[in-house]
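One-letter residues, chain by chain:
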Amino acid sequence: IGRFASEDYLTTDEEAMSAIIGVYDYLSVAYNNYADWSSLFFAKLLPGDDVNAGGGSSADQPKLQSLNTLTHEYDNPALGDVWLALYRIVSSSNGIINNIGEDVSIREQVIAEAKFFRAYAYFELVTMFGAVPHYTVNPTTNTESHIPRTPVADIYRAIEQDLSEAAAALPLKSQLPAGQKFRIAKGTAQSLLGK
C-alpha cells in the first residue's frame, strides 16, 4: 500500500525522472547521512592526518572519535551507515538500469546516469573496503543477497565499463537545459573514469 510495484513502474518519462532524481538524493551520504553525522567525508578523512575529530570532548560522537584514533571496531555505525547508503545507491541504480521501460524517451540518459551512480558507489566502496560484494541485478532472496566479495580487479573493470558506457551516452554539460545543469554529464563520467 502506498508503493509502486516494480513491474508497473519506470514506464513513463515522469517516473524515470523521479527515480533518477531520487538517486541524486542519496548523495547526501557524503555529508550527513541519516542526520547522525555518519558521512562518507568523515569516514574517509578522519583516519588520515588532514582532519581531526573535534567536539566538546572525546565523548562527542564516539564513532567519529574512534575513526580519528584508529580504534574503531567492525560495528562502528559511521562505517555501517556509509556502507548501507552506498549500497542503496547501487540498488536504486540497478533497479533503474534493469527495469526502465523501452518506450521511455529519456531512457538512454537515465540509464547512463544510473550507470554513473553505480560506478561511483562501487568506487567509494572499493577504495574504502577493498573487495566487496558486486551486484548488477538486485537480489530477490536471502541467498542471492549473501554473495562472496568480488575481487578488486573485477570491480574496477565493472566501474570502468559503467563509466565508459555512461560517458558515451551522456550529454555535455552545455547541452543540459538551464534548470538541469546539476545533472551528471559526459565530463562527470570522464572525470571519475580518469581517477
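Quantities reported herein were computed from a predicted structural model and do not represent experimental measurements.

In the structure shown here, the tally under the stated rule is eight aromatic pairs. Ring centres of Phe-41 and Phe-42 lie 6.0 Å apart, and the angle between their planes is 50 degrees; on these two criteria the pair is classed as tilted. Given a relative accessible area of 42%, Phe-41 falls into the partly exposed group. When its relative accessible area of 23% is taken as the criterion, Phe-42 is described as partly exposed. Relative to Phe-129, the ring of Trp-83 lies with its centre 5.0 Å away and its plane at 80 degrees, an arrangement referred to as edge-to-face. Residue Trp-83 is located in helix H4 (residues 77-99), and its partner Phe-129 is located in helix H5 (residues 107-129); the two are separated by 46 residues in the primary sequence.

This paragraph deals with the nonpolar core. Counting residues in each nonpolar core, the largest one holds 49 residues, and the members touching the most others are Ile-20, Leu-86, Ile-96, Phe-116, Phe-117, Tyr-122 and Ile-159. Of all elements in the fold, only helix H1 (13-25), helix H2 (40-45), helix H3 (62-68), H4, H5, helix H7 (152-169) and helix H8 (186-194) reach the threshold of two or more residues within this core. Broken down by element, the residue count for this core peaks at 13 residues, all from H5.

What counts, and at which threshold
- Residues numbered from 1 in each chain as written.
- Predicted model: local features only at pLDDT ≥ 70, side-chain atom pairs only at ≥ 80, totals over all residues.
- Heavy atoms only, no water.
- Phe/Tyr/Trp six-rings, centres within 6.5 Å; stacked < 30°, edge-to-face > 60°.
- Buried < 20%, exposed > 50% of the residue type's maximum accessible area, 1.4 Å probe, protein only.
- Helix = DSSP H or I, 4+ residues; strand = E, 2+ residues; numbered from the N terminus.
- Core = buried A, V, L, I, M, F, W, Y, C linked by side-chain atoms within 4.5 Å.

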